[in-house]
Amino acid sequence: MAKGTLLRQVKCALFAGIAMELVLGSPASAQDVPAKADGKQSNNSDASNEAIIVTGSRIKRRDYVTASPLVTVGEDILQGSGKTNVDEALALLPQFNGVGNGASIAAFPGPKAINLRGLGEIRSLPLLDGRRLPPSTIVGFTPGITDISFIPNAVISNIEVISGGASAVYGADAVAGVVNIKTRDDFNGVEVSFDYGIAEVGDGENVDLSLLYGGDFGPDKRGHIMLAGSYTRRGEVAQFPARPYLNRPTTPLYGSANVIGGSPFSQSAIDQVFGSYGFAPGTVPATTNIGINPDGTLFAGVGGTNLDTTGLDGYYSIVNGAVVAGFPSNQFALSKTDKYSAFVKADYELTDNVTVYAQGIYTKAKEIRGQAVNTTALIASVPVTNPFIPTDLQTLLASRSNPDANFTLFNSFIDLPTDWGSETQTWQAVGGLRGTFDFADINWDIYYSHTSIDFANQYFGYINTKRRLALINAPDGGASICEGGLNMFSYQHVSQECADYLTTDAEDMTKSRQDVVEATVGGKLFPIGLGASPMRFALTGTWRKNGMSYTPSDEVANGIIQVPIGGQAVPYRTVTVKEIAGELLIPVLQDVPFARSLNINLGGRYSDYSTAGGVETYRVEADYRPVDSVMLRGGYERAVRAGSFSELFLPPSYTQSQFLPTPPVGGDPCSIDTNANAAGGNALRQLCIATGVPSSYYDGSVALPNYLPYTTQGNGTVQPEKADTVTLGLVFQPDFGPNWVRNFNATIDFYSIKIKGLISRPTASDVVTSCYNVDGKSNPGYDPNDINCQQISRDSSGLLSNVIVVPQNIGALKTKGIDVQIDWKVDLGPGKLRVGTYMNFLLEFAFQRSAGLPFVDYAGLSADNFLGIFGDHHPRFKATTNVGYNINGFDAFMIWRHVSGMQDLTQVTSPSSPLPDTASYDVFDVHASYQINDTFTVRGGITNVFDRKPNFLGDVQGLTSFRLYDPIGRAYSMGVTATF
C-alpha cells in the first residue's frame, strides 16, 4: 500500500471516530475505565472500585486523572536503567536540568537534589509518599537543597513528577514542581536482588544488594508489614589519566608571580632574562605574568614562552593563550560512595474504618571525592628576602621602581593534594491513623513525622594559611620550623615534616531536623453540574517546624584553611510554619453531548511563617473531555517560596577563587589582559578607577592577577518570592479502531512560569562582570553606585580584596516550553513492541538581574553555572526515547538520550569575542531482562554503547557538564532478582 494512502486512511479513521463520539456519545463513562496519571488507560477492571490520590492533588478520585502535567517513572525503568541511585535515574527525564548538588564540573560529595525546569534545586520539592522532606544543607554550592539519594531503590514503587507549580497543594518550595517518590506497600514474600556494574576502563564499579520481606500478620491478617535492607557501593570514576578528555586545566599558574603595589618589571629586565634563554628582545612583553619552571628558569604566563613541562605529567596546557594547570591523576570525576539503608512499613486495621500505620527509614552514606590539586590559599604576598626566590626572578624583582616591595605569588600545591569527603546519616519515622466514616463518603488521615539529618563535610590535607605565612616570612624560609622549610618556587615544596606541619584535617557538621503534624479530611459532597457526579473536597491543616545548625571546626570557621564550602558557625535556628489548605473538585458536565466530562479544581493555601509572616497560594485547574479519546487540561497557579535557612541565616564565609574562564575570555574586567577590558573603552576605565583601580595601574602594562576572593552571607530581610504558572495541555487516548490505534497515547503540555521578587544569590564572578557591564546590559551607564559595584572592594594596588555575595529580592525569572510524551504498544510477531518518548522544547529562559533592566534570554546557551542556582545549561531541546520488545518473559529495550547543541554563554556576556558553540549530543543504552521462572529474573545492560565522550563547552578542554553529558563512558551492568 502506498505511504500516502495509508496516512489518509489513518487520518480518516481518527477523525471519523472523534466525530461519532461528539455527536452520539459513548456507552462507556469516563469513570468506568480509569486513566493512569500519564494518560494511559488501566487494564485493571478492579481499579475503579478504589479511590486513589494522584500527585498534584489531595482529593481521592476514581478516574485517576490529573489536570496538571504529570509523568510517572515505574519500578521497571528504575531497575532497568542500570542506575544505582534514584537521583541518577531521574536525570534521564528531559524535564530535569540534571540532578546533582549544584556542581557542574564534577560530582562533589554531599546531598543529591532535583532540579526541575532549571529553576534550581531549592525550587523543586521532593516528597516521600506525599510527605515533605527537610533541607539537608546550610552551606554548599547550592545551600538549602533536599537530598533524595538516601531512599533505597528496593522499596520504590514508582515516582510521579508534577512539572509545574504545586504550592497550593504541598506548600512553599514547589515553584518548579514536585517529585513524589512512592514506596511499595503491597509486597508479600521475600525478594533478594543483586546488581553489579563496571565501566569499560575498569573503574566505576557499582554494587547494589537488597533484601525485601513483606507479609500479613494478626487476626484475619488485618496487618501488613514490609522490611527492607540494602547496601549500595559506587566505585570511584577516575578523571585523569583514565579519562584524559576530562582533564580541565583551570588551576592558576604554579608559581606565577606578579607585582603588588609598585611599578612592574622593566622591559629591559624581561629581555635580559629571556634573552639568556635564546629569545629575541620583545618576545615576552612586560604585561604578562611570569611562571617558574622546575629548574628555576622562567616562562611567560601568556603564550608559554620557555615553558618546560618535563616531569609534570601533562598537567599544563595553554587555553586561550594562557598557561594553566589541570587536575592530578587521583581526582575522581564521580565520588566514591558507600550507602547502607534499612526500611520498615506497617499498617494494621484496628476496625473496619480505622487503620494505624507507621513507616521508618535509616540511611548512612559515606562519599570520597578523591585527591585533588591543593588550590587552597592560592595567593600569597612574598617578601623579596625569601631565600628560595630563583635567581632570574630576583633580577626581574630588582628592576622595579620599588625593588624592596613584596610581590604576589600564585601557588597550587600539586605535591600536597587534598581529599574531601562527606558522611550523612538520615532517619525518618512516621506514625498515623487513617480511616473513613460510616455515615458519609468521607476519608481522613492524621500523622506525625520526625526526620533527622546529620551531614558532615570532611577535609583532609588542606593548607594551614597561618603556618604557610610563618614559613614564607621566616628569614631562613622556614628551615628552623620544619626540615627544609617551604620553597614556594619548587614543584616539590616540602619535606614530610614540613608537610605534616603545613597541612590540616578538619570537618564541619550540619544538623537538620523536621517535625510535622498534618491532618487531612476529604470526600464527597453533592452534585451541582449537569448530569455530573458529586463535588469532592479535601481540607488539610499542617504544623511544621524545621531546625538547622552548622558547626565547623575552628580551622574552617576562622579561615585558617580555605575549604570549597564552609564558613562560620550557625547556631541552631528554627522556622515554624502553620498552614491550612483546601481543594474543591467540581464536576460541571458529564455524559452530555459535546462533553463527556468537564471538571474544575480549585485550591488555596494560607501559610504563616515565623520568619516571613503570612502568604497565600492558590490555583484554578480544569480538564475537559469532549469525547473519551481527547482531554484538554490547563490551569493557573500562584506559588511562593520563602527564604531558605542559608539565604536567611548564613554568617559571612570567605573564599579565595578565580575567574573562569581564565583571561583573556574571563578574568577581572579591569585587567588589561581581558577581552572585556579591550572592549570597554573610556567608560570602563572611569568605572574601574572609581571602584578602586589606580589610574597608573590601569594605564600601565601589567595585568591584574586572575584572583577572585568573595564572602557569602545570608540576608534576614529577604521576602518570599512569588511565581505564576500557566499550563495548557492535550491528552489523546483513542478508544476506537484496531488495537494498534487504541494502544497509542500522547500528551502535549505548554507551561509558563514567571517568578517575581526573585531571591537571587549571584556568583561572585557574576557580581563583578555585572558591575563592569561585560554583557552590555547589566550596568549600561557604568554607574559606580550600581548595586553590584557596591559589593566590590579592592586594595590599594587595585587587586580585588573582597566581593560580597548576598541573596536579595531582585529581578525576575521567566521560562516557558512544551513537554511532549508519546507511548505506543503494538503486537509484532509473537511479542509486543513498545515505543515511548519524553521531549522538552525550551522556548524561553529569561533572567532579569534587577527591576528596570531588560530580560536576557539564556535559552539555548551553555551557561557554566553563570546563573548559579538556576542551573548551568539550557538546551533548546532534550529528548529521551525508549524502544522495547517483550516476548515470553524476555524483554529488551534501548534508551536514546538527545541534547541539542547550544551557543556559548559568551554570546551574551562577551558578544564581541564569543567562544565556539557546543554540538548536539546523543547517547544510547541497551538493556535486557529474562524471567527464567516465577522465582528468578536476570538482567543486563550496556550504557553509552558507542562510548560517546562528553561535549566540551565553548571548545574548552575538560569544561563539560555532568548534568547533561555522560562522563563515565561505556559501562556494563548485570543483575538478578529472586522472589519467594
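Residues numbered from 1 in each chain as written. Predicted model: local features only at pLDDT ≥ 70, side-chain atom pairs only at ≥ 80, totals over all residues. Heavy atoms only, no water.

1. Considering the overall build of the protein
In terms of regular secondary structure, the protein is built from 15 helices and 48 strands. Across the 980 residues in the protein, those meeting the buried criterion constitute 59%. In the protein, 71% of the contacts between residues at least 6 apart in sequence involve partners at least 24 apart. Total accessible area computed for the protein in this model is approximately 36000 Å², and 58% of it derives from carbon and sulfur atoms. (Helix = DSSP H or I, 4+ residues; strand = E, 2+ residues; numbered from the N terminus. Buried < 20%, exposed > 50% of the residue type's maximum accessible area, 1.4 Å probe, protein only. Contact = heavy atoms within 4.5 Å. Areas by Shrake-Rupley, 256 points an atom, 1.4 Å probe, with all protein chains shown as cover.)

2. Focus: the pattern of salt bridges
Taken as a whole and assessed by the stated rule, the structure comprises 34 salt bridges. The residue Asp749 makes a salt bridge to Arg633 at a minimum N-O spacing of 2.8 Å. With Asp749 in strand S33 (residues 744-756) and Arg633 in strand S29 (residues 630-641), this pair connects stretches of sequence that are 116 residues apart. Each member of the pair, Asp749 as well as Arg633, is classed as buried. (Salt bridge = Lys/Arg side-chain N within 4 Å of Asp/Glu carboxyl O.)

3. Points about the packing of aromatic side chains
For the structure shown, the criterion picks out 16 aromatic pairs. With centroids separated by 6.3 Å and ring planes inclined at 40°, the aromatic side chains of Tyr618 and Tyr636 adopt a geometry described as tilted. Of the two residues, Tyr618 is situated in strand S28 (residues 613-627) and Tyr636 in strand S29; the sequence distance between them amounts to 18 residues. On the basis of relative accessibility, which here comes to 36%, the residue Tyr618 falls in the partly exposed class. What makes Tyr636 partly exposed here is its relative accessible area of 30%. Through a chain of ring-to-ring contacts, three or more aromatic side chains come together here, namely Trp420, Tyr459 and Tyr462. Lying over the aromatic face of Tyr751, Arg117 brings its terminal NZ or CZ to 3.6 Å of the ring centre. Here Arg573 stacks its cationic end above the ring of Phe649, 4.0 Å away from the centre of that ring. (Phe/Tyr/Trp six-rings, centres within 6.5 Å; stacked < 30°, edge-to-face > 60°. Lys NZ or Arg CZ within 6 Å of the ring centre and 35° of its normal.)

4. Concerning the sheet that holds strand S5 (residues 131-132)
If you trace the five strands from one edge of the open sheet to the other, you get S1-S6-S7-S4-S5, paired in mixed fashion. Looking along the sheet, the strands with just one partner apiece sit at the ends: strand S1 (70-74) and S5. (Pairing = 2+ DSSP bridges.)

5. Topic: unusual backbone geometry
Trans is the prevailing form of peptide bonds, just as negative phi is the prevailing case for residues other than glycine. For Tyr782, which is not glycine, the phi dihedral falls at a positive 50°. Position of Tyr782 relative to the elements: it lies in the loop between helix H14 (764-771) and strand S35 (792-794). With a phi angle near 55°, Asn944 is a residue other than glycine that sits in the positive phi range. Tracing the sequence through the fold places Asn944 in the loop between strand S47 (936-943) and strand S48 (971-979). Overall, the relative accessible area of 1% leaves Asn944 in the buried class.

6. Thoughts on the packing of helix H5 (residues 267-275) against helix H6 (residues 391-398)
Each pair of packed helices gets described by two things: the angle between the helix axes and the distance between those axes. Between H5 and H6, the shortest axis-to-axis distance is 9 Å and the interhelical angle comes to 165°. Compared by their axis directions, H5 and H6 come out roughly antiparallel. Judged by the sense of rotation from one axis to the other, the crossing of H5 with H6 is right-handed. The segment H5 lies against H6, with Ala269, Ile270, Gln272 and Val273 engaging Asp392, Thr395 and Leu396. Considering only residue class, the contact of H5 with H6 consists of four nonpolar, two polar and one charged. (Axes fitted to C-alpha atoms, helices over the stretch in contact; angles between N-to-C directions. Parallel < 35°, antiparallel > 145°, perpendicular 65-115°, else oblique. Left-handed = near helix turned anticlockwise from the far one by under 90°. Nonpolar A, V, L, I, M, F, W, Y, C, P; charged D, E, K, R; others polar.)

7. Some thoughts on the nonpolar core
Among the nonpolar cores identified, the biggest contains 45 residues, and Leu90, Leu93, Phe96, Ile159, Val179, Ile181 and Ile755 are the most heavily contacted of them. When contributions to this core are tallied by element, the ones reaching two or more residues are S1, helix H3 (86-90), strand S3 (113-116), strand S6 (156-162), strand S7 (177-183), strand S10 (223-234), S33 and strand S39 (831-848). Per-element tally for this core: the top contributor is S39, with four residues. Within the second largest apolar cluster, 31 residues are counted, among which are Leu298, Leu393, Leu396 and Phe489. (Core = buried A, V, L, I, M, F, W, Y, C linked by side-chain atoms within 4.5 Å.)

8. Let's talk about a nonpolar patch on the surface
Side chains of Val192, Phe194, Leu209, Leu211, Phe890, Tyr930, Ile932, Phe936, Val938 and Phe980 sit close together on the surface and give an oily, nonpolar patch of about 860 Å² of accessible area. Among the secondary structure elements, those contributing two or more residues to the nonpolar patch are strand S8 (189-199), strand S9 (206-217) and S47. (Patch = residues over 30% accessible without salt bridge, like charges linked within 9 Å, V, L, I, M, F, W, Y side chains within 5 Å.)

9. Considering the side chain of Glu721
Mapping Glu721 onto the fold places it in strand S32 (residues 721-732). Residue classification places Glu721 among the buried residues on the basis of a relative accessible area of 0%.

10. Structural notes on the sheet that holds strand S45 (residues 903-904)
If you trace the three strands from one edge of the open sheet to the other, you get S42-S41-S45, paired in mixed fashion. Both outer strands of the open sheet, strand S42 (873-874) and S45, are each paired with one neighbouring strand and no more. Strand direction decides the pairing type here: strand S41 (residues 861-862) and S42, joined by two bridges, are antiparallel. Bridging from a neighbouring strand, Leu861 pairs with His874 of S42.

11. Overview of the pairing of strand S31 (residues 708-712)
Within S31, four of the five residues are buried, which leaves the element mostly enclosed by the surrounding structure. One ladder, built from two bridges, connects S31 with strand S36 (residues 800-805); its direction is parallel. The partner of Thr711 across the bridge, within S36, is Ile804.

12. Observations concerning empty space enclosed by the protein
In this approach the atoms are scanned with a rolling probe the size of a water molecule, which exposes any empty space left behind. For the coordinates displayed, the defined rule picks out 18 cavities of 30 Å³ or more. Roughly 390 Å³ of volume is contained in the second largest cavity. Contributing to the lining of the second largest cavity are 28 residues, with Arg132, Pro135, Asp173, Asn546 and Ser644 lying nearest its centre. Elements supplying a minimum of two residues to the lining of the second largest cavity: S3, strand S4 (124-128), strand S25 (536-552) and strand S26 (570-592). By residue number, the principal contributor to the lining of the second largest cavity is S4, which donates three residues. (1 Å grid on protein atoms, 1.4 Å probe; cavity = no way out; pocket = protein on both sides within 12 Å on 5 of 7 lines; lining within 4 Å. Points joined across faces, edges and corners; volume = space filled by probe spheres on them.)

13. Some thoughts on the confidence of the model for the protein
Residues at a pLDDT of 70 or more form 84% of the protein, whose mean pLDDT is 82. Segment residues 865-870 is flagged for pLDDT under 50; beyond a separation of four residues in sequence, or across chains, it makes 34 contacts in the model. (pLDDT = per-residue confidence, 0-100.)

14. Notes on the environment of Ile528
Position of Ile528 relative to the elements: it lies in the loop between strand S24 (503-524) and S25. For Ile528, a relative accessible area of 52% translates into the label exposed. Each C-alpha atom, one on Ile528 and one on Leu589, is 9.2 Å from the other, the two residues being 61 residues apart in sequence.

15. Topic: H14
When you tally the buried positions in H14, you get eight out of eight residues, the bulk of the element. Taken together, the buried residues of H14 touch helix H11 (675-690), S31, S35 and S36. Backbone geometry just downstream of H14 places Asn773 in the positive-phi region, at approximately 55°.

16. Describing the pairing of strand S23 (residues 442-463)
Sheet faces and side chains relate simply in a regular strand, where the side chains alternate between the two faces. With 18 of 22 residues buried, S23 is to be regarded as a mostly interior element. Two strands pair when backbone bridges link them, and S23 and S24 are joined in this way by 20 bridges, in the antiparallel orientation. Bridge pairing in S24 places Gln458 opposite Glu507.

17. A word on H5
Structurally, the α-helix is built with 3.6 residues per turn, so residues lying three or four positions apart point the same way. Buried within H5 we find Ala269, Ile270, Val273 and Phe274. Along the long axis of H5, the arc covered by the buried residues comes to 120°, so they all point the same way. Seen from the buried face of H5, the exposed residues on the opposite side, beyond 90 degrees, are Ser268 and Gln272. Next to the buried residues of H5 lie strand S13 (290-292), strand S14 (298-300) and H6. (Arc of directions from axis to C-beta.)

18. Considerations on the environment of Ser412
Within the secondary structure, Ser412 is located in the loop between strand S21 (407-410) and strand S22 (413-436). The exposure class of Ser412 is buried, given its relative accessible area of 2%. Remark: the alpha-carbon pair of Ser412 and Ile379, spanning 33 residues in sequence, is separated by 9.1 Å.

19. Some words on the side chain of Asp668
Relative to the elements of secondary structure, Asp668 occurs in the loop between strand S30 (653-657) and H11. At 2.9 Å, the side chain of Asp668 forms a polar contact with the side chain of Arg794. With residues near it in sequence (within four places) discarded, Asp668 still touches Phe659, Thr674, Leu704, Arg794 and Leu800. (Polar contact = N/O pair within 3.5 Å; in protein donor to acceptor, adjacent residues only side chain to side chain.)

20. Some details on the environment of Ala676
Secondary-structure assignment places Ala676 in helix H11. Measuring from C-alpha to C-alpha, the distance between Ala676 and Ser910 comes to 7.1 Å, with 234 residues separating the pair along the chain. Residue contacts for Ala676: discarding those within four places in its chain leaves Pro669, Leu684 and Val774.

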